[in-house]
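Each chain, letter by letter, is given below.
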Amino acid sequence: MGRLFVVNLEGKIYTCKHCKTHLASYEDIMSKSFHCKHGKAYLFNKVANVSMGETEERMMMTGKHTVADIFCVSCGSNVGWKYETAHEKNQKYKEGKSVLERFKISGPDGSNYWVSSHGRHIGGSDADDA
């Protein structure tokens, strides 16, 4: 097995909540209006230190997309997904962009989100929403 090289980002960063590996910069957020089965999710222009799973077709709230799950390169945790292809013309802006699920990452201030067994947000903060 080769040596793992991890990119260290600067400024306000989002990290893997399990191992604290840097995943994305606050400056690369395109939208905080995304949702996943665990609650909030953010669309990023670019992410770092992730590997991609197999691509698959998924029917999402905004139509059919070809996506691949993305995983933290350090611990292997699923942290979100990447849009490969958007089949609707008005969704093409998502292509090549990644979504990080807020429940699976820590915020720039170290905050986490917690979800109950019923999938509802029950705690944590998101001070960077302001």
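These remarks concern the structure in this document. Everything numeric in this text was worked out from a predicted model, so none of it was measured.

## Section: the sheet that holds strand 2 (residues 22–25)
The sheet built from three strands is open, its strands ordered 2-1-9 with antiparallel pairing. Both outer strands of the open sheet, strand 2 and strand 9 (105–106), are each paired with one neighbouring strand and no more. Bridge count between strand 1 (residues 13–16) and strand 2: three bridges; the pairing is antiparallel. Paired with threonine 15 across the strands is histidine 22, a residue of strand 2.

## Some remarks on the nonpolar core
The biggest cluster of nonpolar side chains holds twelve residues, and these are Tyr14, Cys16, Leu23, Ala24, Ile29, Tyr42, Phe44, Ile70, Cys72, Val79, Leu100 and Ile105. At the level of secondary structure, the elements contributing two or more residues to this core comprise strand 1, strand 2, strand 4 (39–44) and strand 6 (63–72). Here cysteine 72 is in contact with Cys16, Cys19, Thr21, Asn49, Ser77 and Val79, once residues within four sequence places are set aside. Counting nine residues, the second largest nonpolar core, distinct from the first, contains Cys36, Ala41, Val67 and Val99.

## Considerations on the pattern of salt bridges
If charged atoms from side chains of opposite charge come close, those side chains can pair. The tally for this structure, following the rule as stated, stands at four salt bridges. Arginine 58 is paired through a salt bridge with glutamate 56; the nearest N and O atoms lie 2.5 Å apart. Between glutamate 95 and lysine 92 there is a salt bridge whose closest N-O contact spans 3.2 Å. Connected through salt bridges with shared partners, the residues Glu56, Arg58 and Asp69 form a single ionic network.

## A short note on the side chain of arginine 102
Topologically, arginine 102 is positioned in the loop between strand 8 (98–101) and strand 9. From its side chain, arginine 102 meets the backbone oxygen of isoleucine 105 in a polar contact 3.0 Å long.

How each quantity is defined
- Residues numbered from 1 in each chain as written.
- Predicted model: local features only at pLDDT ≥ 70, side-chain atom pairs only at ≥ 80, totals over all residues.
- Heavy atoms only, no water.
- Pairing = 2+ DSSP bridges.
- Helix = DSSP H or I, 4+ residues; strand = E, 2+ residues; numbered from the N terminus.
- Core = buried A, V, L, I, M, F, W, Y, C linked by side-chain atoms within 4.5 Å.
- Buried < 20%, exposed > 50% of the residue type's maximum accessible area, 1.4 Å probe, protein only.
- Contact = heavy atoms within 4.5 Å.
- Salt bridge = Lys/Arg side-chain N within 4 Å of Asp/Glu carboxyl O.
- Polar contact = N/O pair within 3.5 Å; in protein donor to acceptor, adjacent residues only side chain to side chain.

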